[in-house]
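Fold and geometry: a report
The residues making up each chain are set out below.
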Amino acid sequence: MLADWAVSLMESLGGVGAAVVVGLDNLFPPIPSELVLPLAGFSASKGVFSLPAALFWTTLGSMAGAVIVYYAGVLLGRTRTRALVARIPLVRVTDFDRTEAWFQRHGTKAVFFGRMVPLFRSFISLPAGVERMNFPKFLILTTLGSLIWNTVFVSAGYLLGENWHRVESYAGVFQKLVLAAVAVAVVLFLVTRLRQRSKGDPEETVVLPRVRR
């Protein structure tokens, strides 16, 4: 059972074990972060490590996994990345396609908010790598997004203790709230841009230099 294995690894390796388990969530999406993160909180409640240590190690694991996936996108490119995704058990190519489309529409916002949406959080690093997004910016946004997501679930697991499994039932609600927040942000952005364009914002008119061939 995944939960037993994860707890056993954390008890054996401490914080490093927590980082490994959470990092696998990025490398193998069918491993749900909504399950493993509360387990890290549960382990902290048992004294395996402290709550701050749990947050540190789980976020480090998230970052490490995301960086590996980012560079996989850089090295493989879109076609080979898509073919690789098709070989992952329980994962559909359409999951990658939707994530890629989201990244192309929203760019940096997609990396930040994508870290707080199941499945998207695992895939969002791939198009970021394929498009060769600025790495320092990618790392900062990934760290911040992961820290927020991890704090919610690790703290919940810590507070619930033996009842950590109850967290999973609320994960869907949290996911919908995040998606709603993203939708509102996108609508506000579009409304602002349309108003600027209707007022003839000078920044909307850009004269590009002529390219000599």
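Below is a summary of the structure that appears in this document. (Residues numbered from 1 in each chain as written. Predicted model: local features only at pLDDT ≥ 70, side-chain atom pairs only at ≥ 80, totals over all residues. Heavy atoms only, no water.)

1. Brief notes about the overall build of the protein chain
Looking only at helices and strands, one finds 10 helices and 0 strands in the protein chain. Ordering the α and β elements of the protein chain from the N terminus gives α-α-α-α-α-α-α-α-α-α. In the structure as shown, the protein chain presents an accessible area of about 11900 Å², 64% of it carried by carbon and sulfur atoms. (Helix = DSSP H or I, 4+ residues; strand = E, 2+ residues; numbered from the N terminus. Areas by Shrake-Rupley, 256 points an atom, 1.4 Å probe, with all protein chains shown as cover.)

2. Things to note about the packing of aromatic side chains
This model, assessed by the stated rule, comprises 8 aromatic pairs. Ring centres 5.3 Å apart and planes at 55° place the aromatic pair Tyr 70 and Phe 135 in the tilted group. In this pair, Tyr 70 sits in helix H4 (residues 51-85) while Phe 135 sits in helix H9 (residues 135-160), placing the two residues 65 residues apart along the sequence. Overall, Tyr 70 belongs to the buried group, its relative accessible area being 4%. Three or more aromatic residues joined by ring pairs make a cluster, and in this case those are Tyr 70, Tyr 71, Phe 135 and Phe 138. (Phe/Tyr/Trp six-rings, centres within 6.5 Å; stacked < 30°, edge-to-face > 60°. Buried < 20%, exposed > 50% of the residue type's maximum accessible area, 1.4 Å probe, protein only.)

3. A look at the packing of helix H2 (residues 15-27) against H4
Running from N to C, H2 and H4 point in directions that differ by 35°, and their axes come no closer than 7 Å. Crossing hand, H2 versus H4: right-handed. Of the residues in H4, those touching H2 at Gly 15, Val 16, Ala 18, Ala 19, Val 22, Gly 23, Asn 26 and Leu 27 are Trp 57, Thr 58, Gly 61, Ser 62, Gly 65, Ala 66, Ile 68 and Val 69. Tallied by class, residues from the contact of H2 with H4 come to 9 nonpolar, 7 polar and no charged. (Axes fitted to C-alpha atoms, helices over the stretch in contact; angles between N-to-C directions. Left-handed = near helix turned anticlockwise from the far one by under 90°. Contact = heavy atoms within 4.5 Å. Nonpolar A, V, L, I, M, F, W, Y, C, P; charged D, E, K, R; others polar.)

4. A short note on H2
Taking 1.5 Å per residue, 13 residues should reach 18 Å; H2 reaches 19 Å between its end C-alpha atoms and fits that length. Within H2, burial applies to Gly 15, Gly 17, Ala 18, Ala 19, Val 21, Val 22, Gly 23, Asp 25 and Asn 26. (Expected span 1.5 Å × (residues − 1).)

5. Quick notes on the environment of Gly 65
Mapped onto the elements, Gly 65 comes out in helix H4. Sequence spacing of Gly 65 and Ser 125 is 60 residues, and the spatial spacing of their C-alpha atoms is 9.2 Å. Residues in contact with Gly 65, not counting those within four places in the same chain, are Gly 23, Asn 26 and Leu 27.

6. A word on the nonpolar core
In terms of nonpolar packing, the biggest core is built from 21 residues, with Met 10, Val 21, Leu 37, Leu 39, Phe 49 and Val 154 touching the most fellow members. Residues contacting Val 154, with those up to four places away along its chain left out, are Leu 37, Ala 40, Gly 41, Leu 51, Ala 54, Leu 55 and Thr 58. Ranked by size, the runner-up nonpolar core spans 14 residues in total, among them Trp 102, Val 111, Ile 124 and Leu 141. (Core = buried A, V, L, I, M, F, W, Y, C linked by side-chain atoms within 4.5 Å.)

7. Quick look at the packing of H4 against H9
Close contact between H4 and H9 brings their axes to 8 Å; oriented N to C, the two are set at 140°. The angle between H4 and H9 places the two elements in the oblique class. Considering the relative orientation of H4 and H9, their crossing is right-handed. Contact residues: H4 offers Leu 51, Ala 54, Leu 55, Thr 58, Thr 59, Ser 62, Met 63, Ala 66, Val 67, Tyr 70 and Tyr 71, while H9 offers Phe 135, Phe 138, Leu 139, Thr 142, Thr 143, Ser 146, Leu 147, Asn 150, Thr 151, Val 154 and Tyr 158. (Parallel < 35°, antiparallel > 145°, perpendicular 65-115°, else oblique.)

8. Some words on the side chain of Ser 62
Relative to the elements of secondary structure, Ser 62 occurs in helix H4. Judged by its relative accessible area of 0%, Ser 62 falls in the buried class. Look past the residues within four positions of Ser 62 in its chain and what remains in contact with it is Val 22, Asn 26, Arg 115, Arg 121, Ser 146 and Asn 150.

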